[in-house]
Amino acid sequence: MRNRTFIAALLALALGVPAAARAQQPSDTTRDRHEVRRDRRELRADRRDARSDRRGIRQDRRERRQDLRAGDTTAARQDTRDIRQDKRDVRSDRRDVRQDRRDLRRDRHDTTQATPKTP
């Protein structure tokens, strides 16, 4: 009698725990939707960062012109370095935006793609 109870308990654990664990996992469509949202968020952040860098370039150019008019070549050289760094950042942001667009397109495609039914 004790053996049957023990075997029944083991069988219930073996069959019940994996099913319960699977039930708590989000479905594939939910995971895909979250990936799409995360990609959109990253895309917005990268675009915002690129806008900020372009704004910094405009500000540094303006300051460089003022420094050159005032005859302060040391400050103008520093502004030129800042402009170069901001341009590097803009290029990097463009690459990030391009990659995020690809990821978003791919994840959107995954979400809309029909899953084949297995018989």
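Keep in mind the model is a prediction, meaning the values are calculated, not measured.

## Thoughts on the overall build of the chain
Stage number 1. The helix and strand tally for the chain stands at three helices and zero strands.
Stage number 2. The order of helices and strands in the chain, counted from the N terminus, is α-α-α.
Stage number 3. Here the chain holds 119 residues, and 18% of them are scored as buried.
Stage number 4. Counting only contacts in the chain whose residues sit at least 6 apart along the sequence, the fraction spanning at least 24 positions is 75%.
Stage number 5. As displayed, the chain has an accessible area near 9900 Å², and 50% of this comes from carbon and sulfur atoms.

## Considerations on the pattern of salt bridges
Stage number 1. Following the criterion strictly, the structure yields one salt bridge and no others.
Stage number 2. When the shortest N-O distance is used, the salt bridge between R106 and D103 registers 3.3 Å. Note that R106 and D103 are positioned in helix 3 (residues 73–112) at a spacing of three residues, about one turn of the helix.

## Observations regarding the side chain of D60
Stage number 1. In this fold, D60 is placed in helix 2 (residues 28–70).
Stage number 2. No salt bridge is formed by the buried D60; its nearest oppositely charged neighbour, R61, is found at 8.6 Å.
Stage number 3. Once residues lying within four places of it in the same chain are set aside, the contact partners of D60 are D79, D82, I83 and D86.

## A short note on the environment of Q66
Stage number 1. Position of Q66 relative to the elements: it lies in helix 2.
Stage number 2. Sequence separation between Q66 and A76 is 10 residues; the distance between their C-alpha atoms is 8.4 Å.

## Re the environment of V97
Stage number 1. With respect to the secondary-structure elements, V97 resides in helix 3.
Stage number 2. Taking the C-alpha atoms as reference points, V97 and R44, separated by 53 residues in sequence, lie 8.6 Å from one another.
Stage number 3. In contact with V97, not counting residues within four places along its chain, are L43, D46 and R47.

## Describing the confidence of the model for the chain
Stage number 1. Looking at the chain as a whole, the pLDDT averages 80, with 76% of positions reaching at least 70.
Stage number 2. Highest mean pLDDT in the chain belongs to helix 2 (88); lowest belongs to helix 1 (residues 2–24) (66).

## Some points on the environment of D96
Stage number 1. Looking at where D96 falls in the secondary structure, it is placed in helix 3.
Stage number 2. Residues D96 and E42 lie 54 residues apart in sequence; the distance between their C-alpha atoms is 8.8 Å.

Calculation criteria
Throughout this description, residue numbers start from 1 for each chain and increase along the sequence as written. Only residues with pLDDT of 70 or above have their local features reported here, since the model is predicted, and side-chain atom pairs are shown and tallied only from 80 upward, although totals for entire chains, interfaces and linings are computed over all residues. With hydrogens and water set aside, each side-chain value is computed from the structure's full complement of heavy atoms. Secondary structure elements follow DSSP: runs of H or I of four or more residues count as helices, runs of E of two or more count as strands, with numbering from the N terminus. For every residue, the accessible area (1.4 Å probe, protein chains only) is compared with the maximum for its type, and the residue is labelled buried under 20%, exposed over 50%, or partly exposed between those bounds. Contact definition: two residues touch when any of their heavy atoms are within 4.5 Å. The Shrake-Rupley method, run with a 1.4 Å probe, gives the accessible areas here. Residue values count only the displayed protein chains as cover. Salt bridge, as applied in this entry: a Lys or Arg side-chain nitrogen positioned within 4 Å of an Asp or Glu carboxyl oxygen. Residues scored as positive are Lys and Arg, those scored as negative are Asp and Glu, and His as well as the terminal groups of each chain are ignored. Per residue, pLDDT measures the predictor's confidence, with a range of 0 to 100.

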